[in-house]
Amino acid sequence: QVQLVESGGGLVQAGGSLRLSCGGSGIIFMFNTMGWYRQAPGKQRELVAHITPAGRTNYADSVKGRFTISRDNAKNTVFLQMNSLKPEDTAVYYCAPLLTSFNSWGQGTQVTVSS
């Protein structure tokens, strides 16, 4: 059974930074394309960044140049470094593999950016 645990969220002022972490069991991150998603109140969950097994990364236009996804294979952990945060980045952030059948979402971590 896959279990994912996100952490590192918090309240930050606009322009600030946060680093999110995601640890998991039941899944080996380096063998999967892993993504960071976010869901703001009243909005659908969206993919903001992902990293492939080969280490290639891709970002949503809204976070490109500000967010960086990375992976620590030894610790089976995925990170999301978020810089220059904006109020519109406020959301619950989740990590998950990019699998259409995936449904074992973690509890997420709340990121709140004040203006």
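Structural data are supplied above this passage.
Since this is a predicted model, take the numbers as computed values, not measurements. (Residues numbered from 1 in each chain as written. Predicted model: local features only at pLDDT ≥ 70, side-chain atom pairs only at ≥ 80, totals over all residues. Heavy atoms only, no water.)

## Observations concerning the overall build of the protein chain
Of the regular secondary structure elements, the protein chain holds zero helices and ten strands. What you see for the protein chain is a C-alpha radius of gyration of 13 Å, in line with the 13 Å of a compact globule of 115 residues. When the backbone C-alpha atoms are referred to their principal axes, the protein chain occupies close to 40 × 25 × 20 Å. As presented, the protein chain carries roughly 6,100 Å² of accessible surface, and 48% of it is formed by carbon and sulfur atoms. (Helix = DSSP H or I, 4+ residues; strand = E, 2+ residues; numbered from the N terminus. Rg over C-alpha atoms; globule rule 2.2 N^0.38 Å. Areas by Shrake-Rupley, 256 points an atom, 1.4 Å probe, with all protein chains shown as cover.)

## Points about the packing of aromatic side chains
According to the stated counting rule, one finds three aromatic pairs in the structure shown. Seen from their ring centres, tyrosine 37 and tryptophan 105 are 5.0 Å apart, and the 80° between their planes marks the pair as edge-to-face. Of this pair, tyrosine 37 sits in strand β4 (residues 34–39) while tryptophan 105 sits in the loop between β9 (91–97) and β10 (109–114), and the two are 68 residues apart along the sequence. Put simply, the rings of Tyr37, Tyr94, Phe102 and Trp105 touch in pairs and so form one group of aromatic residues. Its end group placed over the ring of phenylalanine 79, arginine 19 keeps NZ or CZ at 3.9 Å from the ring centre. Of note, arginine 45 hangs over the ring of tyrosine 94, and the distance from its end group to the ring centre comes to 4.4 Å. (Phe/Tyr/Trp six-rings, centres within 6.5 Å; stacked < 30°, edge-to-face > 60°. Lys NZ or Arg CZ within 6 Å of the ring centre and 35° of its normal.)

## Some points on the state of the cysteines
One pass over the full model with this rule turns up one disulfide. Disulfide pairing is shown between cysteine 22 and cysteine 95; the S-S distance is 1.7 Å. Taken together, the positions of cysteine 22 in strand β3 (residues 18–25) and cysteine 95 in strand β9 put the pair 73 residues apart, joining distant regions of the chain. Take cysteine 22 and cysteine 95: they sit in the same class, and that class is buried. (Disulfide = S-S within 2.5 Å. Buried < 20%, exposed > 50% of the residue type's maximum accessible area, 1.4 Å probe, protein only.)

## A look at a nonpolar patch on the surface
Judged by side-chain polarity, Ile28, Met30 and Phe31 come together as a nonpolar surface patch covering roughly 300 Å² of accessible area. With respect to the helices and strands, the residue isoleucine 28 is situated in the loop between β3 and β4. For isoleucine 28, a relative accessible area of 44% translates into the label partly exposed. (Patch = residues over 30% accessible without salt bridge, like charges linked within 9 Å, V, L, I, M, F, W, Y side chains within 5 Å. Salt bridge = Lys/Arg side-chain N within 4 Å of Asp/Glu carboxyl O.)

All quantities given are derived from atomic positions and should not be read as evidence of function.
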